[in-house]
Amino acid sequence: MKVMKFGGSSLADATRYLRVTDITLDCHNSDGAAVVLSAPKGVTNALSLLCEQAANQTDYFELLEKLRMTLKGINDELDQALTGYEHAALVALIDERLAWLSRQLEGFTLLGCAPDAISAAILSIGEYVSVNFLHHILSAKGVDSTILDPVEYVLAEGDYLDSIADVALSKARFSDVDASGSQVLIMPGFVAANEQGEKVTLGRNGSDYSAAILAACIDATCCEIWTDVDGVYNADPNQVEGAVLMDKLTYQEAMELSYFGAKVLHPKTIGPIAQHHIPCLIKNTLNPAAPGTLISNEASTKWTNVKGISQLENVAMFNVAGPGMKGMVGMASRVFEVMSNASISITLITQSSSEYSISFCIHSKDAERALALLEDAFALELSNQLLDPIEVRHNLSIVTLVGDGMKRTKGLAAKFFNSISQARVNNVAIAQGSSERSISTVVEADKAKKAVRAIHQNFFSERHTIDVFLVGCGNVGKELLDQFARQQKALLEKHIQLRVYGIANSKKLLLNNEGIDLSTDWYSALAASQESFSIELLQNWVDEQCLVNPVIVDCTSSEAVASLYVDLMNAGFHVVTPNKKANTGSLTYYEALKNTALQTKRQYLYETTVGAGLPVIDNLQKLFSAGDELHRFEGILSGSLSYVFGKLEDGMSLSEATATAKENGFTEPDPRDDLSGTDVARKLLILAREAGISLELSDIDIESVLPEGFAGNDDIESFMARLHECDHAFAEKVEAAKQAGKVLRYIGKIEHGSCKVSIEAVLPDHPLAVIRDGENALAIHSDYYQPKPYVIRGYGAGGTVTAAGVFADILRTMPWKQI
Ligand code: ADP
Ligand code: ASP
Ligand code: MG
């Protein structure tokens, strides 16, 4: 005979009860079925809340009526679906139980408290109604079934609300039960009786345990736990995208996973089935064909070392410390005795080796009681200051990595803690079980999900995520989004999931927690958005979504956005940008950026600030790290001026050349930014600072293409309209160079620790003479590269190459990933 347990999630409505009936009948016809049922979904929660509300003397009428409607609703639907269903019998049962409940609640209100003995009986009402539903469905289908009342069979001891079964004694009581399979046996889960015959419960979620007890008591061949997921995953599939289904777990692994919070199985379940060597199968009521997860003595061959991550919520941590602890024999045992006498179970313990302190975790609901008991037990030591006041930290969670093979594998703890640091989560306390089957860390509750995701990603997922927030959707930003849209699928094939979660311009911010679909009209959605961009908003959002690898991509040329990078890195974002404003702000801010990136372990990447898509910065950084030193630099650093000066050489006027460059998207929105030389000066400053030269922008000697102050206050259009006024003087310069057999080039130089940007006439054999039409060239004379310089050359402007360079930087934010 098999035991099959159906949880509340499988019993949400009449359709689910009928589905459960089909699964039961399949088993009844093949192996014989003993069924353990939970209450219908949500019913135990409602009963628990009713007790609380009544004890607090708040009005519970509405909730009571809602509960009545839920139970009667299922009964009515079953009546409609089945012929011969005894609807009236169930109506009478529900009315009778709820009338009793109502009387007890009135008593709670009068008393102003909810005694545990009565609460236990109340909490199990749902289970009793539930088994009666199934019994009558089976009757309507002509199948015999017997309801076994656990009060008569399952003997348990401990708290009224969290008892432990005595399987041996219970087994003796089951000896008169006909387990031949001729009838379907049905037992309410979650409930048992103590020695006095009073109703007790086995703890919330305890029906799994009831099933294990029944399986052990009737020597079942298998204990099946039917729930709403396909089996045990390596992390909660409802919390972690991409969680992987386990085919097999050993009893110990399942125990550890459930003990540390995997709700799919109640931790007490494993004891009876492991002891009696009964295999346990976790199956999905909504997908019965799926093979499920088998828990037995057999280990999986697919997943050899680590098996899963679980998260235990509602944890409080106590720290008992003080000068009197040192060498005080029996201190730990006294602390734990206090807990054990009060039946408070301890989930995790750490003791510092100096013997100065003991920390341990318990369930939050017991924290207040535990503190009072400890203060009482150690009153003398506390008043003599041998102990410091006992510290309690609330709102914590325990995150645990579990697997039998962890004993044999080195480096897992390092990877575990690296993942936590990568998620920027703080370890409040850590513990490794001496079985080496688990490593746990205590973290702040609101950070736990993030930690679990990062651990999951590093241990189980081949998939890396990049969570992009784009600020600025002009030329480069738009192109970048197009490139993402084209590339997302190919990246996924390489296990990289790149999602754009947010797009912002100077006024609006568009956020989408599933990632913005770039094939849709995001531009209009952004225009219609009500949100505006702020770091706080973004940080809260990222925290809420538990994103592990958020990257801000700044495609503006705004100083205001650049001034936020330090705060953004502190808030956990990597920063990728083609915007030159941050690196050319004050030296102090530049240094703060570099230091913050180091301290926060965030990437600050700005490859495209010099030479657009050309590989400049990263190469230089590698060279300088390898001990090279810059002697001299010269280059054409402006794609726009490379274009304009090429056209001048061909005989075009300055105004015409500039207009053509602008039309072709080679210039900044305001061409004065290029013609003034400031843009080149900024690039030169970025290079100089990379080479370790401490300069400010104001230290750079700049020769502007325009006469000083020319049309400085005009808007862009009037400036373009007036530019022809400079044509004559400029044409003369071009002509003079030509006469000398030279061409004009706009060149940036670094030499002897200073920087200069100027128009130079160069001979045709000069390496920069051939650089035109938007190309850039950089000649680096260094210790390692001499007498011939290291030269980088190629298109150094335009949205496409710049966006591609930004894209490449974004991909570099992934930890441990080779593309
Ligand atoms: P039931 O009502 O059937 O007893 P529960 O809600 O108690 O169902 O348990 C099933 C839930 O357990 C799943 O929906 C899932 O969200 C959660 N869960 C937590 N950890 C895991 C895990 N490692 N594998 C599968 N499910 C898990
Ligand atoms: N109905 C009980 C609860 O919700 C027991 C269970 O479902 O396992 O806690
Ligand atoms: Mg459950």
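Residues numbered from 1 in each chain as written. Chains lettered and ligands numbered in written order. Predicted model: local features only at pLDDT ≥ 70, side-chain atom pairs only at ≥ 80, totals over all residues. Heavy atoms only, no water.

Undergrad: Describe the packing of helix α2 (residues 43-55) against helix α5 (residues 116-123), naming the residues involved and giving the relevant values.
TA: The N-to-C vectors of α2 and α5 enclose an angle of 150°; their axes lie 9 Å apart at closest approach. Taken together, the axes of α2 and α5 lie roughly antiparallel to each other. Between α2 and α5 the crossing geometry is right-handed. Packed against α2, whose contacting residues are Thr44, Leu47, Ser48 and Cys51, the element α5 presents Ser119, Ile122 and Leu123 at the interface. For the contact of α2 with α5, the class distribution of residues is four nonpolar, three polar and no charged. (Axes fitted to C-alpha atoms, helices over the stretch in contact; angles between N-to-C directions. Helix = DSSP H or I, 4+ residues; strand = E, 2+ residues; numbered from the N terminus. Parallel < 35°, antiparallel > 145°, perpendicular 65-115°, else oblique. Left-handed = near helix turned anticlockwise from the far one by under 90°. Contact = heavy atoms within 4.5 Å. Nonpolar A, V, L, I, M, F, W, Y, C, P; charged D, E, K, R; others polar.)

Undergrad: Go over the pattern of salt bridges with me, naming the residues and quoting the values.
TA: With the rule as written, the count across this model stands at 36 salt bridges. The salt bridge involving Arg632 is made with Glu751; its shortest N-O contact spans 3.8 Å. Residue Arg632 is found in strand β25 (residues 630-636), and its partner Glu751 is found in strand β27 (residues 743-751); the two are separated by 119 residues along the sequence. One salt-bridge network, held together by shared partners, links Glu649, Asp650, Arg745, Arg772 and Asp773. (Salt bridge = Lys/Arg side-chain N within 4 Å of Asp/Glu carboxyl O.)

Undergrad: Describe in detail the site of ligand 2, supporting the description with residues and values.
TA: For ligand 2, the full set of nearby residues is Ser38, Ala39, Thr44, Glu127, Phe190, Arg204, Asn205, Gly206 and Ser207. A distance of 3.1 Å separates an oxygen atom of ligand 2 from a polar side-chain atom of Ser38. Within the backbone of Gly206, a nitrogen or oxygen atom sits 3.3 Å from an oxygen atom of ligand 2. When the free accessible area of ligand 2 is taken as 260 Å², the share hidden by the protein chains comes to 88%. Each residue belonging to the shell around ligand 2 can be placed in one class, and the counts come to two nonpolar, five polar and two charged. (Near = heavy atom within 4 Å. Polar contact = N/O pair within 3.5 Å; in protein donor to acceptor, adjacent residues only side chain to side chain. Areas by Shrake-Rupley, 256 points an atom, 1.4 Å probe, with all protein chains shown as cover.)

Undergrad: Provide a residue-level description of the site of ligand 1, including the pertinent values.
TA: Around ligand 1 there are 19 residues in total, and Ser9, Thr227, Asp228, Asp236 and Asn238 lie nearest to it. Within the side chain of Lys5, one N or O atom sits 3.1 Å away from an oxygen atom of ligand 1. The contact in question runs from an oxygen atom of ligand 1 to an N or O atom on the side chain of Asn205, over 3.1 Å.

Undergrad: Mind laying out the nonpolar core, listing which residues take part and the relevant values?
TA: Of all hydrophobic cores here, the largest spans 80 residues; its most connected members are Phe469, Tyr565 and Phe645. Looking at this core, the element that brings in the most residues is helix α27 (residues 678-690), giving seven residues. Non-local contacts of Phe469, meaning those with residues more than four positions away in its chain, are made with Tyr501, Gly502, Leu511, Leu538, Trp541, Val542, Leu547, Pro550, Val551, Ile552, Val553 and Phe573. If you look at the next biggest cluster of nonpolar residues, it comprises 49 residues, including Val20, Ala33, Ala39 and Leu90. (Core = buried A, V, L, I, M, F, W, Y, C linked by side-chain atoms within 4.5 Å. Buried < 20%, exposed > 50% of the residue type's maximum accessible area, 1.4 Å probe, protein only.)

Undergrad: Account for helix α9 (residues 207-217), naming residues and giving values.
TA: Burial within α9 is extensive, with 11 of its 11 residues counted as buried. Downstream of α9 by one or two residues, Asp219 has phi in the positive range, about 50°.

Undergrad: Can you lay out the sheet that holds strand β6 (residues 184-188) for me, pointing to particular residues and giving the numbers?
TA: Strand order in the open sheet formed by eight strands is β3-β6-β2-β1-β9-β11-β12-β10, and the pairing between neighbours is mixed. The outermost strands of the open sheet, each flanked by one partner alone, are β3 (145-147) and β10 (248-250). Going from strand to strand, the sheet's axes swing by 20° on average, the running direction of each strand aside. Direction of pairing for strand β1 (residues 2-6) relative to strand β9 (residues 222-227): parallel, over a ladder of five bridges. The residue bridging Met4 from the neighbouring strand is Glu224, located in β9. (Pairing = 2+ DSSP bridges.)

Undergrad: For the pairing of strand β2 (residues 33-37), give the residues involved together with the corresponding values.
TA: Within a regular strand, side chains alternate between the sheet's two faces. With five of its five residues buried, β2 lies for the most part within the structure. Relative to β2, β1 runs parallel, the two being bridged by five bridges. Residue pairing for β2: Met4 is matched across the bridge by Val35. For the segment spanning β1, helix α1 (residues 14-30) and β2, crossover handedness is right-handed. Across four bridges, β2 lies against β6 in parallel orientation. In the sheet register, Val36 faces β6, and the bridge partner there is Met187. (Right-handed = clockwise from strand over helix to strand, strands pointing away.)

Undergrad: Please set out the domain arrangement of the protein chain residue by residue, giving values where relevant.
TA: Domains assigned within the protein chain are domain 1 (2-225), domain 2 (309-460), domain 3 (464-607) and domain 4 (616-797). Distance between the C-alpha centres of domain 2 and domain 3: 37 Å. With eight residues of domain 2 at the interface, the matching set in domain 3 holds 14 residues. Summed over both sides, the interface between domain 2 and domain 3 buries roughly 940 Å², with carbon and sulfur atoms accounting for 47% of that surface. On the domain 2 side of the interface with domain 3, the three residues burying the most area are Arg424, Lys450 and Gln457, jointly 59% of the side's total. Inspection of the region where domain 2 meets domain 3 yields zero salt bridges. Summed over the shared surface of domain 2 and domain 3, the number is five residue pairs in polar contact (both at pLDDT 80 or more). Going through the elements one at a time, α15 (412-422) and α16 (448-459) are the ones with two or more residues in the side of domain 2 that touches domain 3. Among the elements that line the side of domain 2 that touches domain 3, the one with the most residues is α16, at five residues. Classifying every residue of the side of domain 2 that touches domain 3 gives one nonpolar, three polar and four charged. (Domains from an automatic or database assignment. Buried area = accessible area lost by both parts, 1.4 Å probe.)

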